[in-house]
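# Commentary on secondary and tertiary structure
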Amino acid sequence: MRQQQILLALSLLSFAAARWGNHPETLQVGEDSPLKANGTDGSIHACIFSNRADGLIGTLKSMEINAHSPEDIHVWVVTDNITSVQVAAQHVSFIRVHALELEEIEEDLISKGMTPVWKWEEYNTTVIYEGGAHFDQSWANENTAHPDWWDNNTMHMDPLNHLRFYIPHMSQFEDLKQVLFMDDDLIIQGDVRDAWNTKEDIPKGKVLVNACEIWGWSKEKNMMAYEGRDKKLSDTYSLAQPKEGSTRESLLCENQKDPRFTCVGSNFYQNLEKRFREINGFEYMPETFQAWNYGFTLFDLQAWREENLTEKYRLWMRAIYDDHIFPEDSLRYGLGVPFLLLAKKIACWHDTTGGKINIRDGFGLLTPKNLVKSGFDGNFIADSFVVHYNGRAKPWKNNGDGIDATFMMPYRNTLAGKGYKFYENSLRSSQFHVEEMD
């Protein structure tokens, strides 16, 4: 099987070399891939977890097209679908793409005494698969946060979702001080070296630089609205915090009248606060913790290792399973745990770079009306270092069905081989097609 994968990779390499005519080693897989990233030669290293070629193509092409020195960029793609990476790598000429099999990463971590969460006996014990995957109510106890009716996606428990917390200990990155970790549904409109060099500006005590521009549901506007860069975690769904004007008591299951929506066990908040003090070493005060998103992240690998955060992640996951806190198919399991682990450890791109790098999310779920009602126009997209198509709609699905034409502009131009400078003015002068603006 291993030999077949390598032969397939070599055949695709021959195709890529013939098609692009530049670097026949653009894609490297298995034994053809360097054992470790070089941290001393001025190269840039990005890590992506992905098993879908369609998403990777736009991310890789935009990274290459908009970089001054794309030949310096190495992208390490961890996947359980090598073929998807091989297909995507055919679309770049200079970036070095290294395909890493998830199974090999697992073996490497286990050899270091780090058995990943998805290999634990407790893993996949909170979900039942009858008529689709959903939360097993019999697992709940007095410490459990019950999710809303819509919150039941097993992607939150996917091994690649957990692997983020083992990145600093992957053998490939042992010699690196930092790595860029990104999703596969991005268009990067700037030079990634600018993001890479931000390592020197990360404030002391922070370990990640993340997107902090938050969109949330506005009752006043009855739609998703921009909440700014100063949002805290005190009212976030991911931590089962009460919304503004509500109380913790109102969320107790004994007081919740509608079973479709969140309720928490009688000991949920007390247990969460206790566990937080035990693991993090300081008081649980979500009203002081920065809200943030994954998507385009700079890892300070040195700081992460020094603070032993992978071990703290293990402790948090043990608490999740031992105390029955968050079911595995909930957003709280996928994002709430990172919020808990990384409280006080997050720096924001805008603040860290003096406004030079803005990561803008939501272009797979927002509409022009959301932007206009929040006071934005095409400049909001044009001023984005990264355009993130997170959300249910994706630009490669059904020709971008559900995504506004202006939102699609970065993606379509990238696939046509045109860089940011080609379409920047079109973005800035674009008029959103909004029918009703009452």
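Just so we're clear, the structure is a prediction, and the values are computed from it rather than from any experiment. (Residues numbered from 1 in each chain as written. Predicted model: local features only at pLDDT ≥ 70, side-chain atom pairs only at ≥ 80, totals over all residues. Heavy atoms only, no water.)

## As for helix H7 (residues 268–280)
- The end-to-end C-alpha separation of H7 is 17 Å, in line with the 18 Å expected for 13 residues at 1.5 Å each.
- Of the residues making up H7, those classed as buried are Phe268, Tyr269, Asn271, Leu272, Arg275, Phe276, Ile279 and Asn280. The buried residues of H7 occupy one face: seen down the axis, they fall within an arc of 160°.
- Where H7 is buried, its residues contact strand S7 (145–146), strand S13 (263–264), helix H9 (309–323) and helix H10 (331–341).
- Glycine 281 sits one or two residues past H7 and shows a positive phi near 90°. (Helix = DSSP H or I, 4+ residues; strand = E, 2+ residues; numbered from the N terminus. Expected span 1.5 Å × (residues − 1). Buried < 20%, exposed > 50% of the residue type's maximum accessible area, 1.4 Å probe, protein only. Arc of directions from axis to C-beta. Contact = heavy atoms within 4.5 Å.)

## So, the packing of H9 against H10
- Interhelical geometry of H9 versus H10 gives an angle of 130° and a closest axis separation of 10 Å. The orientation of H9 with respect to H10, classified from their angle, is oblique. Where H9 crosses over H10, the handedness of that crossing is right-handed. Every residue of H10 that contacts H9 at Leu309, Lys312, Tyr313, Trp316, Met317, Ile320 and Tyr321 is listed here: Tyr333, Val337, Leu340 and Leu341. (Axes fitted to C-alpha atoms, helices over the stretch in contact; angles between N-to-C directions. Parallel < 35°, antiparallel > 145°, perpendicular 65-115°, else oblique. Left-handed = near helix turned anticlockwise from the far one by under 90°.)

## Concerning a nonpolar patch on the surface
- Together, Trp149, Trp150 and Phe261 make up a nonpolar patch on the protein surface, roughly 350 Å² of accessible area in all.
- As for its position among the elements, tryptophan 150 is in the loop between S7 and helix H5 (159–163).
- For tryptophan 150, a relative accessible area of 39% corresponds to the partly exposed category. (Patch = residues over 30% accessible without salt bridge, like charges linked within 9 Å, V, L, I, M, F, W, Y side chains within 5 Å. Areas by Shrake-Rupley, 256 points an atom, 1.4 Å probe, with all protein chains shown as cover. Salt bridge = Lys/Arg side-chain N within 4 Å of Asp/Glu carboxyl O.)

## Regarding helix H15 (residues 420–429)
- Considered for burial, the residues of H15 that qualify are Tyr420, Tyr423, Glu424 and Leu427. Viewed along the axis of H15, the buried residues span an arc of 135°, placing them on a single side of the element. Of the exposed residues in H15, those oriented more than 90 degrees away from the buried face are Phe422, Asn425 and Ser429.
- Against strand S9 (186–188), helix H13 (379–382) and helix H14 (405–415) lie the buried residues of H15.

## Description of the packing of aromatic side chains
- In total, this model carries 35 aromatic pairs according to the counting rule given.
- Ring centres of tryptophan 292 and phenylalanine 339 lie 5.2 Å apart, and the angle between their planes is 80°; this geometry places the pair in the edge-to-face category. With tryptophan 292 in the loop between H7 and strand S14 (293–300) and phenylalanine 339 in helix H10, this residue pair connects regions lying 47 residues apart in the sequence.
- Centre to centre, the rings of tyrosine 389 and tyrosine 411 are 6.3 Å apart; their planes meet at 80°, and the pair counts as edge-to-face. With tyrosine 389 in the loop between strand S17 (386–388) and H14 and tyrosine 411 in helix H14, this residue pair connects regions lying 22 residues apart in the sequence.
- On the basis of relative accessibility, which here comes to 0%, the residue tyrosine 389 falls in the buried class.
- One aromatic cluster in this structure is built from Phe49, Trp118, Phe165, Tyr166, Phe181, Trp292, Tyr294, Phe299, Trp304, Tyr313 and Phe339. (Phe/Tyr/Trp six-rings, centres within 6.5 Å; stacked < 30°, edge-to-face > 60°.)

## Notes on the state of the cysteines
- Counted according to the given criterion, the structure contains 2 disulfides.
- Each sulfur of the disulfide joining cysteine 253 and cysteine 263 lies 2.1 Å from the other. Here the disulfide of cysteine 253 and cysteine 263 is right-handed, its torsion about the S-S bond being about 75°. In this pair, cysteine 253 sits in the loop between strand S12 (223–228) and S13 while cysteine 263 sits in strand S13, placing the two residues 10 residues apart along the sequence.
- Classification of cysteine 253 as partly exposed rests on a relative accessible area of 29%.
- Exposure remark for cysteine 263: the relative accessible area of 10% places this residue in the buried category. (Disulfide = S-S within 2.5 Å.)

## Thoughts on the pattern of salt bridges
- All chains considered together, the criterion is met by 24 salt bridges.
- With its nearest N and O atoms 3.9 Å apart, the salt bridge here joins arginine 52 to aspartate 185. Residue arginine 52 is found in the loop between strand S2 (44–49) and helix H2 (53–65), and its partner aspartate 185 is found in the loop between strand S8 (178–182) and S9; the two are separated by 133 residues along the sequence.
- Exposure remark for arginine 52: the relative accessible area of 28% places this residue in the partly exposed category.
- On the basis of relative accessibility, which here comes to 5%, the residue aspartate 185 falls in the buried class.

## Things to note about the side chain of aspartate 361
- Among the structural elements, aspartate 361 can be located in the loop between strand S16 (359–360) and helix H12 (368–373).
- A distance of 2.9 Å separates a polar atom in the side chain of aspartate 361 from a polar atom in the side chain of histidine 388.
- In this view, aspartate 361 contacts Ala211, Glu213, Trp215, Asn293, Tyr294, Leu366, His388 and Asn390; residues no more than four positions away in its chain are not counted. (Polar contact = N/O pair within 3.5 Å; in protein donor to acceptor, adjacent residues only side chain to side chain.)

## Re the pairing of S12
- Pairing analysis gives 5 bridges linking strand S11 (residues 214–218) to S12, with the strands arranged antiparallel. Within S12, the position partnered with glycine 216 by the bridge is alanine 225.
- The loop that links S11 with its antiparallel partner S12 comprises 4 residues; one of these, asparagine 222, has a positive phi angle of about 55°. (Pairing = 2+ DSSP bridges.)

## Thoughts on the confidence of the model for the protein
- Mean pLDDT over the protein stands at 90; residues scoring 70 or higher make up 91%.
- Residue range residues 1–24 is modelled with pLDDT below 50. Its contacts to residues more than four positions away, or to other chains, number 33 contacts. (pLDDT = per-residue confidence, 0-100.)

## Some words on the packing of H7 against H9
- Running from amino to carboxyl end, H7 crosses H9 at an angle of 155°, the nearest separation of the two axes being 10 Å. The angle between H7 and H9 places the two elements in the roughly antiparallel class. Considering the relative orientation of H7 and H9, their crossing is right-handed. Side by side, H7 and H9 meet where Asn271, Leu272, Arg275, Phe276, Ile279 and Asn280 of the first sit next to Lys312, Leu315, Trp316, Ala319, Asp322 and Asp323 of the second.
- Residues of the contact of H7 with H9, tallied by class, amount to 6 nonpolar, 2 polar and 4 charged. (Nonpolar A, V, L, I, M, F, W, Y, C, P; charged D, E, K, R; others polar.)

## Examining the sheet that holds S9
- Spatially, 3 strands are ordered S9-S17-S16 in an open sheet, and the strand pairing comes out mixed. Because the sheet does not close on itself, it has two edges, and the strands there are S9 and S16.
- Of the pairings in the sheet, the one linking S9 to S17 comprises 3 bridges and is antiparallel in character. Residue pairing in the sheet places isoleucine 188 in a bridge with valine 386 of S17.

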